[in-house]
Structure formats: structure tokens, C-alpha cells
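Survey of secondary and tertiary structure
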Amino acid sequence: MSFTDPVADFLTRLRNSIRARHQKLDVPASKLKTEIARILKEEGYIANYKAAEENGRNVLRVYLKYGANNEAAIRDLARVSRPGCRVYIGRDEIKRVQGGLGISIMTTPRGVMTGRQARKEGVGGEILCEVW
């Protein structure tokens, strides 16, 4: 099964799993999805992730995080740059997400990082998604 936008598929599966109150989520693995999961874990939006192999296929298993009142750590996610309309921003154009309560995930020449890290390092790039 081929996807035209695997990152959007990953974000949609994540959004649907959170709304259905699942504890974990399996998606086909890739380096970019693993980097996005790493950033989500570092920022405290997911509990954990790990690469696994099921039925001869590499999968990324994401463990979702919920609060005391069964409230999800991720309120919503939005895909910004799409294959049909790429969105590139310079280091001076990086905006705060939800007034600083969320993060933007970017691909830069120095790797995948949050918008806050990119602003600190003085690099721009493609803005993949926003999470809050």
C-alpha cells in the first residue's frame, strides 16, 4: 500500500487514536516518522515510541500519553507543508504555535527539529506540522 503523503497518514492515525482513547498506535516505520516521534517524546506529547517488526514489516509503535482526567497530551495536530504545496520559511519567519503552548516540527539542513530549536540555531526550512 503506497501513500502519497506518509507524514499526513501518520498524523491522521495519531489524531484518530487519541480521539478513540487508544493506549498505543502502530504505523509503518520510516526515518522521518521516527524523528517526528522523537520530537513528540522530547516535548512531552507522547509517552514513548519504539521501532518493532511485525509480520516481516518494520513498524513504529507509539505509546500515547494521557493526563489525570484521561485528557490527552495532544489536543490537536495540523499538517502544514504538503506534497502539493510545500511551505518553506526562513529563520526570521518562524512563528509561535498557539501563543507558545504548541510546537512546530520542521526539517532543516541540520535535521528535524522544533521551530523553537530552529529559531535558536538560526536556520529555516520546511515546516511539516504543528502540534498543540
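Residues numbered from 1 in each chain as written. Predicted model: local features only at pLDDT ≥ 70, side-chain atom pairs only at ≥ 80, totals over all residues. Heavy atoms only, no water.

Our next topic: the side chain of Arg 15. Here Arg 15 lies in helix H1 (residues 6-19). Each residue touching Arg 15, except ones within four places of it in the same chain, is listed here: Asp 76 and Leu 77. (Helix = DSSP H or I, 4+ residues; strand = E, 2+ residues; numbered from the N terminus. Contact = heavy atoms within 4.5 Å.)

A few words on the pairing of strand S3 (residues 57-64). Relative to S3, strand S1 (residues 24-28) runs antiparallel, the two being bridged by five bridges. Within S3, the position partnered with Lys 24 by the bridge is Tyr 63. Counted along the chain from strand S2 (residues 46-54) to the antiparallel partner S3, the turn is two residues long, and its residue Asn 55 has a positive phi close to 55°. (Pairing = 2+ DSSP bridges.)

We now examine the environment of Lys 120. Summarising the element assignment, Lys 120 is placed in helix H3 (residues 115-121). Since its relative accessible area comes to 75%, Lys 120 is described here as exposed. Separated by 29 residues in sequence, Lys 120 and Arg 91 place their C-alpha atoms 8.9 Å apart. (Buried < 20%, exposed > 50% of the residue type's maximum accessible area, 1.4 Å probe, protein only.)

A word on H1. Taking 1.5 Å of rise per residue, 14 residues should cover 20 Å, and H1 covers 20 Å from first to last C-alpha, within 8% of that figure. Positive phi appears at Arg 21, one or two residues downstream of H1, with a value of about 60°. (Expected span 1.5 Å × (residues − 1).)

What follows is about the layout of surface pockets. The space that makes up the largest pocket amounts to roughly 180 Å³. What lines the largest pocket is Arg 21, Glu 71, Ala 72, Ala 73, Ile 74, Arg 75, Gln 98, Leu 101 and Trp 132. Split into classes, the residues belonging to the lining of the largest pocket amount to five nonpolar, one polar and three charged. (1 Å grid on protein atoms, 1.4 Å probe; cavity = no way out; pocket = protein on both sides within 12 Å on 5 of 7 lines; lining within 4 Å. Points joined across faces, edges and corners; volume = space filled by probe spheres on them. Nonpolar A, V, L, I, M, F, W, Y, C, P; charged D, E, K, R; others polar.)

Where interface size is quoted, it is often the accessible area lost as the parts come together. Looking at the protein chain, the domain boundaries give domain 1 (6-64) and domain 2 (77-131). Its C-alpha centre places domain 1 at a distance of 19 Å from the equivalent point of domain 2. Approximately 1,200 Å² of surface area, both sides summed, lies buried where domain 1 meets domain 2, with 73% of it carried by carbon and sulfur atoms. Among the residues domain 1 hides against domain 2, the three largest losses belong to Leu 11, Ile 39 and Tyr 45. Together they make up 39% of the total. A salt bridge links Glu 43 to Arg 116, with the shortest nitrogen-to-oxygen separation between them at 3.6 Å. If you look at where domain 1 meets domain 2, you find three residue pairs in polar contact (both at pLDDT 80 or more). (Domains from an automatic or database assignment. Buried area = accessible area lost by both parts, 1.4 Å probe. Salt bridge = Lys/Arg side-chain N within 4 Å of Asp/Glu carboxyl O. Polar contact = N/O pair within 3.5 Å; in protein donor to acceptor, adjacent residues only side chain to side chain.)

Let us look at the sheet that holds S3. With antiparallel pairing, three strands are arranged side by side in an open sheet as S1-S3-S2. The strands lining the two open edges of the sheet, one partner per strand, are S1 and S2. The sheet shows a mean angle of 25° between the axes of neighbouring strands, direction not considered. Alignment of S2 against S3, held across eight bridges, turns out to be antiparallel. (Axes fitted to C-alpha atoms, helices over the stretch in contact; angles between N-to-C directions.)

This part takes up the nonpolar core. Ranked by internal contacts, the top residues of the largest apolar core, which has 26 residues, are Leu 14, Ile 36, Leu 40, Val 62, Ile 74, Ile 105 and Val 131. Those elements that place two or more of their residues in this core are H1, S1, helix H2 (31-42), S3, strand S6 (103-108) and strand S8 (125-131). Tallying contributions element by element places H1 first for this core, with five residues. Both of domain 1 (6-64) and domain 2 (77-131) provide at least three residues apiece to this core. If sequence neighbours within four positions are ignored, Leu 40 has contacts with Leu 14, Tyr 45, Ile 46, Ile 105 and Val 131. Formed by seven residues, the second largest nonpolar core is a distinct cluster that contains Ile 94, Met 106, Val 123 and Ile 127. (Core = buried A, V, L, I, M, F, W, Y, C linked by side-chain atoms within 4.5 Å.)

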